[in-house]
Amino acid sequence: MSNCNETNLEKSSAEKAKEKWDKYFMNTYAQMPVVIDKGEGATVVDVDGKKYIDFTSGYGASSLGYNNEKLVKALQEQVSKITHVSNLFFSQSIIDAGEKLIKASKMSKVFFINSGSEATELAMKIARKYSSQKYGENRGTILSLRDSFHGRTMMALMATGVDKYHKYFYPLPEGFKYTEKNNIEDFKKVLEDKSICAVLMEPIQGEGGVHVLEEDYLKEVIKICHDKDILVIFDEVQCGIGRSGKLFAYNHYNLQPDILAIAKGIGAGIPVSGVLTNEKTSSVLKPGDHGSTFGGNILAMTAVSVVLDEIEAPGFYEEVEAKGKYIMNYIKNLNSEKVVEVRGKGLMIGVELNINASDIIDKCVEDGVLFVKTGENVIRMLPPLVITYDEINKGLEVLKKYL
Ligand SMILES: Cc1ncc(COP(=O)(O)O)c(C=O)c1O
């Protein structure tokens, strides 16, 4: 027993956590060797007091950073009153959050749920119901892009246009097709299949390597879909909620989807997602068609209201855009031989390398800066939207060392 304790003393906090993780948890993640305890702004602190500048923000979820004063106060007040109100009743929080979201988004209605996968799943359910009511049962195929990512539930998994995610989970749900991004000819060809009811796209692909879809492509897609009464679903789970420097990434192009899936940043770290519909799709769901025990949870709704108040404040989006440009220019100006391309919008940035991104990311972690990898060779940056220039500069100084 004492021997075991002695060995334990020599181990780092991360090693000890990993040992327990391997014992008690299913093995699906490859964590960095950091045990996070708390945070402030865009900086997190591990259990040993070491600080890290966080360019990951929980895959973009912690949009307001850590220990945000307004969020903490609102949540604390709510926790001490009541933590959950089911959809058997109203709460003022859900009314406020929904009203703010609809007014800001210029969509018509919202349904709140809990995760990004549930949001894309519900978006597809709405599209299928819309189509089956109008055109019958044989028009329910969802068309999505190769290299996309839409989540891990069975339908969201199938909409994700990467074969490796489908493998082993047989039988796979039917009714999915894929097309190449930014390739309008391929898109038109796939649409010869008359069973397609909706097109699902991330205006900026996140997991796929931070690829911004071209404006002309998106406009043409919307036009064609509109003519054929095929619904356009945008998945802004990662690129939405101010991340790109506008409320939604599609706002850069003055477009509007029929159905919109959001999650991550809208809860600033509290799990919440939503599906927003336009005039055409708002009355598709009828009583009993969908539901969620925790959907519209009162703590989540409290967070949604704070997030919208913060990001819709004058000048917020401009700041995000300016910081993003600053980061991208900084990296481009390094003229590093290891950098193939710097791309993105706002604070959603991909740095494609000609080496494995882990080689750089692992060194940065040791130096107190956190980045997340996507694919083999892209460093992805999704810092809290409130990251300061001081934090940005400190983080970039470290990155520069290894680029
Ligand atoms: C674009 C997009 N859609 C959907 C999802 C799934 O979200 P969740 O992990 O909350 O289910 C993600 C997650 O990364 C995502 O990036």
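Residues numbered from 1 in each chain as written. Predicted model: local features only at pLDDT ≥ 70, side-chain atom pairs only at ≥ 80, totals over all residues. Heavy atoms only, no water.

Novice: I'm lost on the pattern of salt bridges in this one. Help?
Specialist: When the charged atoms of two side chains with opposite charge come close together, those side chains can pair. Per the stated rule, a full pass over the model turns up 22 salt bridges. Note that glutamate 215 is salt-bridged to lysine 219, the shortest N-O span being 2.7 Å. A residue pair is termed a helical-turn pair when its members lie 3 or 4 positions apart in one helix, as glutamate 215 and lysine 219 do in helix α9 (residues 215–228) at four residues. A salt bridge links lysine 373 to glutamate 376; its shortest N-O distance comes to 3.8 Å. Under the relative-accessibility criterion, lysine 373 is labelled partly exposed at 26%. Look at glutamate 376 and you get exposed, because its relative accessible area is 52%. Salt bridges sharing partners connect three or more residues here, namely Lys134, Asp229 and Lys280. (Salt bridge = Lys/Arg side-chain N within 4 Å of Asp/Glu carboxyl O. Helix = DSSP H or I, 4+ residues; strand = E, 2+ residues; numbered from the N terminus. Buried < 20%, exposed > 50% of the residue type's maximum accessible area, 1.4 Å probe, protein only.)

Novice: Any chance you could explain the nonpolar core here in plain terms?
Specialist: Within soluble globular proteins, side chains that are nonpolar tend to cluster in buried spots. Within the largest apolar cluster, 88 residues are counted, with the highest numbers of intra-cluster contacts made by Phe187, Met201, Ile311, Ile331 and Leu399. Sorting elements by how many residues they give to this core places helix α10 (residues 298–311) first, with nine residues. Aside from chain neighbours lying at most four places away, what touches phenylalanine 187 is Leu143, Thr179, Val199, Met201, Tyr217, Val221, Ile224 and Cys225. Tyr130, Ile142, Tyr178 and Ala261 belong to the second largest nonpolar core, which has 25 residues in total. (Core = buried A, V, L, I, M, F, W, Y, C linked by side-chain atoms within 4.5 Å. Contact = heavy atoms within 4.5 Å.)

Novice: Looking at this structure, how should I read the site of the ligand?
Specialist: Taken together, the neighbourhood of the ligand is formed by Ser115, Gly116, Ser117, Phe149, His150, Gly151, Glu202, Glu207, Asp235, Val237, Gln238 and Lys264. A distance of 2.8 Å separates an oxygen atom of the ligand from a polar backbone atom of glycine 116. A distance of 2.6 Å is found between an oxygen atom of the ligand and a side-chain nitrogen or oxygen belonging to serine 117. Considered on its own, the ligand offers 390 Å² of accessible surface; in the complex 83% of this is hidden by protein. (Near = heavy atom within 4 Å. Polar contact = N/O pair within 3.5 Å; in protein donor to acceptor, adjacent residues only side chain to side chain. Areas by Shrake-Rupley, 256 points an atom, 1.4 Å probe, with all protein chains shown as cover.)

Novice: Mind showing me how you'd approach the packing of aromatic side chains here?
Specialist: In this description, a pair of aromatic rings is defined by centroid distance and the angle of the planes. Applying the stated criterion to the full structure yields eight aromatic pairs. With a centroid separation of 4.9 Å and an interplanar angle of 40 degrees, the aromatic rings of phenylalanine 55 and phenylalanine 371 are classed as tilted. Of the two residues, phenylalanine 55 is situated in the loop between β3 (51–54) and α3 (57–60) and phenylalanine 371 in the loop between β15 (369–370) and β16 (372–374); the sequence distance between them amounts to 316 residues. As far as burial versus exposure is concerned, phenylalanine 55 and phenylalanine 371 are alike and both buried. Between phenylalanine 316 and tyrosine 317, the ring centres sit 6.3 Å apart and the planes meet at 85 degrees, which makes this aromatic pair edge-to-face. Like tyrosine 317, phenylalanine 316 is buried. If you follow arginine 139 out to its NZ or CZ, it ends over the ring of tyrosine 135, 4.0 Å from the centre. (Phe/Tyr/Trp six-rings, centres within 6.5 Å; stacked < 30°, edge-to-face > 60°. Lys NZ or Arg CZ within 6 Å of the ring centre and 35° of its normal.)

Novice: So what exactly am I meant to see when it comes to the packing of helix α5 (residues 92–105) against α10 here?
Specialist: What describes two packed helices is the angle between their axes and the distance between those same axes. For the pair α5 and α10, the least separation of the axes is 8 Å and the interaxial angle reads 35 degrees. In the crossing of α5 with α10, the sense of the turn from one axis to the other is left-handed. Contacts between α5 and α10 pair Ser93, Ile94, Asp96, Ala97, Lys100 and Leu101 from the former with Ile298, Met301, Thr302, Val304, Ser305, Leu308 and Asp309 from the latter. Of the residues belonging to the contact of α5 with α10, the class tally is seven nonpolar, three polar and three charged. (Axes fitted to C-alpha atoms, helices over the stretch in contact; angles between N-to-C directions. Left-handed = near helix turned anticlockwise from the far one by under 90°. Nonpolar A, V, L, I, M, F, W, Y, C, P; charged D, E, K, R; others polar.)

Novice: What is the right way to read the sheet that holds strand β11 (residues 259–262) from this model?
Specialist: Backbone hydrogen bonds are what pair the strands of a sheet, in a parallel or an antiparallel way. The sheet built from seven strands is open, its strands ordered β4-β12-β11-β10-β7-β5-β6 with mixed pairing. Each of the sheet's edge strands pairs with one partner strand only, and the pair in question is β4 (109–113) and β6 (176–179). Across the sheet, the axes of successive neighbouring strands diverge by a mean angle of 20 degrees, strand direction being ignored. Of the strands in this sheet, β5 (141–145), β6, β7 (196–201) and β10 (231–235) are in contact with α9, which crosses β7 at around 160 degrees. (Pairing = 2+ DSSP bridges.)

Novice: Mind showing me how you'd approach the environment of lysine 11 here?
Specialist: Within the fold, lysine 11 resides in the loop between α1 (2–10) and α2 (13–24). Lysine 11 sits in the partly exposed class, given a relative accessible area of 25%. When the C-alpha positions of lysine 11 and serine 108 are compared, they lie 54 Å apart, and in sequence the two are 97 residues distant. Lysine 11 has contacts with Lys16 and Glu19, leaving out every residue within four places of it along the chain.

Novice: Would you mind showing me how to read the packing of helix α11 (residues 316–333) against helix α13 (residues 389–402) here?
Specialist: For the pair α11 and α13, the least separation of the axes is 11 Å and the interaxial angle reads 20 degrees. Between α11 and α13, the crossing angle belongs to the class labelled roughly parallel. Pair α11 / α13 crosses with right-handed handedness. Residue-level contacts link Ala322, Lys323, Tyr326, Ile327, Tyr330 and Ile331 of α11 to Tyr389, Ile392, Asn393, Leu396, Glu397, Leu399 and Lys400 of α13. Tallied by class, the residues present in the contact of α11 with α13 amount to nine nonpolar, one polar and three charged. (Parallel < 35°, antiparallel > 145°, perpendicular 65-115°, else oblique.)

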